[in-house]
Amino acid sequence: MSYTLLSSPLQGFTDYRFRNAQNKYFGGIDTFYSPYIRLNGKLVVKSSYQRDLLPENNEGLEVIPQIITNDADEFLFVSKYVQELGYKELNWNLGCPYPMVTKSGMGSGLICQTEKINSILEKVHAESDIIVSMKMRLGYDNAEEILDVLPLLEKYPIKNIAIHARIGKQLYNGGVNLDGFQQCVDNTKLKLYYNGDITSVAQFHKMQERFPTIDHWMIGRGLIADPFLPSMIKNNSSEYPSNKMELFSDFHDTLYAGYSESLSGATHILLKMHHLWEYFSVIFSNPHKIHKKIKKAKSIRNYEQAVREIIKEG
C-alpha cells in the first residue's frame, strides 16, 4: 500500500528554515505542518508566525498551517489570514501536552470539553470554507476521552485527524498506547493519521503491520533527531548514505547560518542550536558525549569548533 509521510509540527523546531533545509538535503517528507499560531486573545498574527507561513519562505514545499485555540473567533480570524496567503487548509491542535497550554484549556486540555469543540466547529464551518483537519492526543487524563469526541467530529467535514498515541499528561514520557489508537480506528469512519515514536525504519514497518489500514504517518521528534529517516523509510533501507557526515554538515551549516541571521546575540543563537543538538546527537555513536560537548561550548567560537570536531570524528 502506498503511504504518505508527514512532518509533525514541533514548536521551536520545525519552522520554515528547518523545513527547507531538511527537504533540500534529505527529502522524504510529503507534507509539512507548520508550528501552531497562538493569538492569546488578540486578533493579531505575530510577525514570527507571518514569516513562517510566507509563500516565498516555503517554495517547493507542501505546508499546512496550524492553530491552537479554544475560541471560534480566533479560529475564523486565522482561517481568513491563511486563506489570504493561499492556504486552503487549517489544522487545529488538540494535541499539545504542555501545562502552560493545557491549563488554558487548549491543546490536549480541550479534548474533554466536547461541547466547546462542537460549538467552535459549528461556527467555523458555518462562517468559513476553510478545510479543517485536526491533530489530537488520545486525551489529557485518559485514553477514553477521544472516544467521546469522535462521534461529534463525524458531523463535520473534517479532512483527517492525526492522533499522537499518548495522553497529554504523559508529555513525551512512557510508551505510545497502540491499543488506544486501535480503539480510535475501530470507532470512527473519519480518516486517521498515526503519530508517535516513529524513530527508525524498523519501527515504521512494525507500525505498518500493526495498523494496515493507515496510510498517513506523521514523524515528529524522530525527524529532528534523524533528518535522514524519511528518505530511508521511502528507500526501505536502514543504511545511511556514504556521504552521511557531509550531508549532515551542510544541513547544520544551513540551519546555523539562518538562525545566526534571524536571532539577535550569541546567547539566543547558542540556545537554539543547543536545543537542536539534544536531538541531533542521536545519530552519532556516542550521543551523550556529543551532547555534553555541545553544551560545554559557551561562545560562538567554541561552538563552531565543537561542531567541526564532531563532524570530523563522524
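Now for a look at the structure at hand. It should be emphasised that the depicted structure is a prediction, and the values quoted were computed from it without experimental measurement. Sequence positions are assigned chain by chain, starting from 1 and proceeding in written order. Only residues with pLDDT of at least 70 get local features here, since the model is predicted, and only at 80 or more are side-chain atom pairs given and counted; chain-wide, interface and lining totals rely on the full set of residues. To get the side-chain values, take all heavy atoms of the structure and skip hydrogens and water.

## Focus: helix α3 (residues 72-84)
Relative to the 18 Å expected for 13 residues at 1.5 Å per residue, α3 spans 18 Å between its end C-alpha atoms, a close match to the ideal helical length. Burial status follows relative accessibility: with a 1.4 Å probe on protein chains alone, a residue under 20% of its type maximum counts as buried, one over 50% as exposed, and anything between as partly exposed. Runs of H or I in DSSP of at least four residues are treated as helices and runs of E of at least two as strands, each being numbered from the N terminus. The set of residues buried in α3 consists of A72, E74, F75, L76, V78, S79, Y81 and V82. Contacts were defined at the residue level, with two residues in contact if any of their heavy atoms lie within 4.5 Å. Buried-residue contacts for α3 involve α2 (47-53), β4 (66-67), β5 (89-94), α5 (114-127) and β6 (131-139). Here a polar contact is taken to be a pair of N or O atoms separated by no more than 3.5 Å, where protein atoms must pair a possible hydrogen donor with a possible acceptor and residues adjacent in sequence count only if both atoms sit in side chains. Backbone nitrogen of D73 and a side-chain oxygen of the N-cap are separated by 3.0 Å at the start of α3; the cap is D71. Note on α3: the residue one or two positions beyond its end, G86, has a positive phi of about 105 degrees. Expected helix span is taken as 1.5 Å per residue step, with the number of steps being one fewer than the number of residues.

## Thoughts on the nonpolar core
Proteins that are soluble and globular tend to have nonpolar side chains buried together. Think of a nonpolar core as a cluster: buried Ala, Val, Leu, Ile, Met, Phe, Trp, Tyr and Cys residues, connected wherever their side-chain atoms sit within 4.5 Å. One finds W92, L153, I161, Y194 and W277 to be the most contacted residues of the largest nonpolar core, which totals 94 residues. W277 has contacts with F248, H252, F284, I290, H291, I294, Y303, V307 and I310, leaving out every residue within four places of it along the chain. In this structure, L6, Y33, A162 and M218 belong to the second largest nonpolar core, which totals 6 residues.

## Quick look at unusual backbone geometry
You will see that N40, though not glycine, has its phi angle at about 55 degrees, which is positive. For N40, the position within the fold is in the loop between β2 (31-33) and α2. We classify N40 as exposed; its relative accessible area is 56%. Phi is positive for L171, which is not a glycine, with a value near 55 degrees. Along the chain, the position of L171 falls in the loop between β7 (161-167) and α7 (178-186).

## A short note on the packing of aromatic side chains
Aromatic rings from Phe, Tyr and Trp, with only the six-membered ring used for Trp, were paired whenever their centres fell within 6.5 Å, and each pair was classed as stacked if the ring planes differed by under 30 degrees, edge-to-face if by over 60, and tilted otherwise. One pass over the full model with this rule turns up 21 aromatic pairs. Consider the rings of F26 and F251, whose centres lie 5.0 Å apart with planes at 75 degrees: the pair is edge-to-face. Of this pair, F26 sits in the loop between α1 (16-25) and β2 while F251 is found in helix α11 (residues 244-262), placing the two residues 225 residues apart along the sequence. Taken together, a centroid distance of 5.8 Å and an interplanar angle of 25 degrees make the contact between Y194 and F211 stacked. On the criterion of sequence distance, the pair formed by Y194 in strand β8 (residues 192-195) and F211 in the loop between α8 (201-210) and β9 (216-219) is long-range, its members being 17 residues apart. Lying over the aromatic face of Y172, R137 brings its terminal NZ or CZ to 5.0 Å of the ring centre. Two limits define a charge over a ring: the Lys NZ or Arg CZ must be within 6 Å of the ring centre, and within 35 degrees of the ring normal. A cation over a ring is seen here: K244 above Y240, with NZ or CZ 3.8 Å from the ring centre.

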